[in-house]
Structure formats: structure tokens, C-alpha cells
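Coordinate inspection notes
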Amino acid sequence: MTLSRSHVGIGAGFAAIYLIWGSTYLALALGLRTMPPFLLMSVRLVGGAILYGYARIRGAASPSARMWTVAGLCGLLFFVGCHGVLAEAQQRVPTGLAALMLATIPLWIALLQSLVPGGDRPTGMAIALLVPGIGGVALIAWQEMTSGGHALRLSDLFLLLGASLSWAIGTFVSERHSAEFASTALAGLELLAGGAALLAISAVSGELTTLRLTEISAVSLGGWAYLTFAGTVIAFAAYIWLLMRVSPALVATYTFVNPIIAVFLGWAFLGESPTLPVLAGAAMIITSVAGLLLSRGKSIRNDELSSSCEHRVSSGHC
């Protein structure tokens, strides 16, 4: 059987969001060797300019005040509250562990859905699937508290959980307004807003005054370039392209594939060796996230089938 161009494209798209986003944790660790965190993450400005410029060339209208407001809020939540905090914490936290903490984003989204008025209430199965994920986070936190090595601060784990919560809130806001605006233009504005805020934080915190360009290594520059072009532009474009062609629940599987890749790359290139309790906690988190995403995908398919059947009944074909 020959593969169609569409199948090849979908496979390449998944390879991009799995492999590129999974390896950005390694690129971030390399970039942080000689570059300060907030300045490094302000590369979102470059990616935002590319995406927004592309959207305008393709005919996107000038952004309204409402679009700027939504983009600004989401940009702060996504790229300051999440990625800025991630970069600050990853100066001390292993790449694999950082990726695992951010894999809790679907867990936060499920909790938010149960708290926000008008949100989709999680089913009993979804609530049950939260338990192993929460248990996995608790197991990792317990391991770090009792290890005695003091190489990792418990506060950094809470920072990373806060970063994943920030991304989840941003997702919640973005999903409620995404239908109002062109997706690529909105994403570009979000990146521009977040990148500008990160650059301002970098300047206020003194990163720009203490930075010595001659001290930035080629390895850090490589990490910066990878985050800018591969992580921000290529993988994000693949993500948007996939969302238009396959189930969002299937696309969201990157959230439990990325940590696996990050842990492997951290072991292979940075000498990181996760302990057995951390690996057990990782398995619990990934199981919980995978179960939530798969059950959500099944629910969406059932709703679509039910809606289709109702339409056929009204048309006399069911």
C-alpha cells in the first residue's frame, strides 16, 4: 500500500511536535550555560515576528483592541508564567524532571474545567484518572524532600507546577477566543507579547547589563537558534497544521511523549540519571495524562457520532 502525501505530511507533523518539542528541554539547558534565562526565552519575539508577518502576508486583518487584549493575556500566561518560569527553574532542575512537571498541564486543565462556571464537567472516569497523576507528582516531591542531597529545592518543583498551571489557564482563555481570530496571527501576537514582556523582565532584572557577548558559547548560541526556529516556528506551525487535519486529542499526545524524549536526551547528553522513585512517578503522571487524553478523544468521537446520527434521523436516514 502506497502512502499518500497527506499521510506523509501527518507523520512529519507528529515527528515535529514529538521530537522537536521533546528536545527543546535539552536546547534550553544548553542555552542556559552562558545565557541568562529571561533573555534566552525572549527569543519568542523572533518567532512571533515570523508567524505574524506570515499571517499578514497571507491576508490577515489588522488586530483589533480585543485581539491585542486576548493575545497579551495569553502571551503572559504562556511565555512568562510558563516558559519564563521554566527557564529560571531549569538552571537548577534536570531537563527530564522539568518536562515531567510540565506534563501535568492536562491535569490542571481537567481541574479547571471542574471549577470554572460553564466549563465541561469531568466525568467520574476523568476524575479517577487524575489520581495516579497527582500521586506521581507527590511521589517525586517526596523523593526530593527525603533524598538528603539538597541538590534540588522543593520550591523549584512548585515553580514548575505553577508554570504548567499558567499554561493551562492560558489554554483555557485561548480556546474560548480562538474562533474569533485567525489562529496564526493570534499565535504570532501571543509570541510577540510574551517575548516583549520577557525582554522587559530581563532588562529590569539586570540580565542585559551583566551579559558579556564574548562569553556566550557556540553551544548556547546553538540552543538559542534551535529554540527560536525549530521549537517556536517549525514545531508550532506543524502543531497548527495538525489541528486542522486530525483529532485535537490525538495531537495532544505530545504532552506525554515529550517527557519521555526529554528524559532520554538528558540521560544521553547531560548525564542525568533519574532515580527509581522519580521514574515511578513519571510513569504515573504519563499514565494519567494518556488516559485523560484518550478518554477525551473517545468522548469527542462519541459526541460526533451522536450528532451525526441525530442529523440522519431528522433527515430520515437513520
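Residues numbered from 1 in each chain as written. Predicted model: local features only at pLDDT ≥ 70, side-chain atom pairs only at ≥ 80, totals over all residues. Heavy atoms only, no water.

**Examining the environment of Met35**
- Inspection of the secondary structure assignment puts Met35 in the loop between α1 (5-31) and α2 (37-41).
- Considering only alpha carbons, one finds Met35 and Ser220, 185 residues apart in sequence, at a separation of 6.8 Å. (Helix = DSSP H or I, 4+ residues; strand = E, 2+ residues; numbered from the N terminus.)

**Some thoughts on the nonpolar core**
- Counting residues in each nonpolar core, the largest one holds 80 residues, and the members touching the most others are Leu28, Leu97, Met101 and Leu160.
- Ranked by residue count, the leading element in this core is helix α4 (residues 65-89), at 12 residues.
- Apart from residues no more than four positions distant in its own chain, Leu28 is found in contact with Leu40, Met41, Leu86, Ala87, Gln90 and Leu227.
- With 13 residues, the next largest nonpolar core counts Phe14, Trp21, Ala235 and Val251 among its residues. (Core = buried A, V, L, I, M, F, W, Y, C linked by side-chain atoms within 4.5 Å. Buried < 20%, exposed > 50% of the residue type's maximum accessible area, 1.4 Å probe, protein only. Contact = heavy atoms within 4.5 Å.)

**A short note on the side chain of Ser220**
- Position of Ser220 among the secondary structure elements: in helix α11 (residues 218-243).
- Judged by its relative accessible area of 0%, Ser220 is buried.
- Here the side chain of Ser220 touches Thr34 through a polar contact of 2.6 Å, side chain to side chain.
- Sequence-distant contacts of Ser220, that is, excluding residues within four places in its chain, are made with Leu30, Gly31, Arg33, Thr34 and Met35. (Polar contact = N/O pair within 3.5 Å; in protein donor to acceptor, adjacent residues only side chain to side chain.)

**Quick notes on the packing of helix α5 (residues 95-102) against helix α8 (residues 154-177)**
- Remark: α5 packs on α8, axes separated minimally by 8 Å, with the N-to-C direction vectors making an angle of 45°. Our classification of the angle between α5 and α8 gives oblique. In this structure, α5 crosses over α8, and the sense of that crossing is right-handed. Taken together, the residues of α8 that come into contact with α5 (itself represented by Leu97, Ala98, Met101 and Leu102) are Leu157, Leu160, Leu161, Ala163 and Ser164.
- Residues of the contact of α5 with α8, tallied by class, amount to 8 nonpolar, 1 polar and no charged. (Axes fitted to C-alpha atoms, helices over the stretch in contact; angles between N-to-C directions. Parallel < 35°, antiparallel > 145°, perpendicular 65-115°, else oblique. Left-handed = near helix turned anticlockwise from the far one by under 90°. Nonpolar A, V, L, I, M, F, W, Y, C, P; charged D, E, K, R; others polar.)

**Describing the packing of α1 against α11**
- In the contact formed by α1 and α11, the axes pass within 8 Å of each other and the chain directions differ by 150°. As far as their axial angle goes, α11 and α1 are roughly antiparallel. When the axes of α1 and α11 are compared, the crossing they make is left-handed.
- Among the residues making up the contact of α1 with α11, the classes are represented as 21 nonpolar, 9 polar and no charged.

**Things to note about the pattern of salt bridges**
- The full count for this structure, using the stated rule, is 3 salt bridges.
- Where Arg92 meets Asp156, a salt bridge forms, and the shortest distance between an N and an O atom there is 2.8 Å. With Arg92 in the loop between α4 and α5 and Asp156 in helix α8, this residue pair connects regions lying 64 residues apart in the sequence.
- Relative accessible area serves as the criterion here: at 28%, Arg92 is assigned to the partly exposed category. (Salt bridge = Lys/Arg side-chain N within 4 Å of Asp/Glu carboxyl O.)

**Digging into the environment of Leu186**
- Here Leu186 shows up in helix α9 (residues 183-204).
- Distance in space between the C-alpha atoms of Leu186 and Met67 is 7.4 Å, their sequence separation being 119 residues.
- Once residues within four sequence positions are removed from consideration, Leu186 is found in contact with Met67, Val70, Ala71, Ser178 and Phe181.

**Here we look at the confidence of the model for the chain**
- Averaged over every residue, the pLDDT of the chain is 84; the share at 70 or more is 87%.
- Within the chain, the lowest mean pLDDT, 66, falls on helix α14 (residues 276-314), and the highest, 96, falls on α2.
- Between residues 303-318, whose pLDDT stays under 50, and residues either more than four places distant or in other chains, the model counts 4 contacts. (pLDDT = per-residue confidence, 0-100.)

**What to know about the packing of aromatic side chains**
- In total, this model carries 8 aromatic pairs according to the counting rule given.
- In this structure an aromatic cluster arises from ring pairing among Trp21, Tyr239 and Tyr254. (Phe/Tyr/Trp six-rings, centres within 6.5 Å; stacked < 30°, edge-to-face > 60°.)

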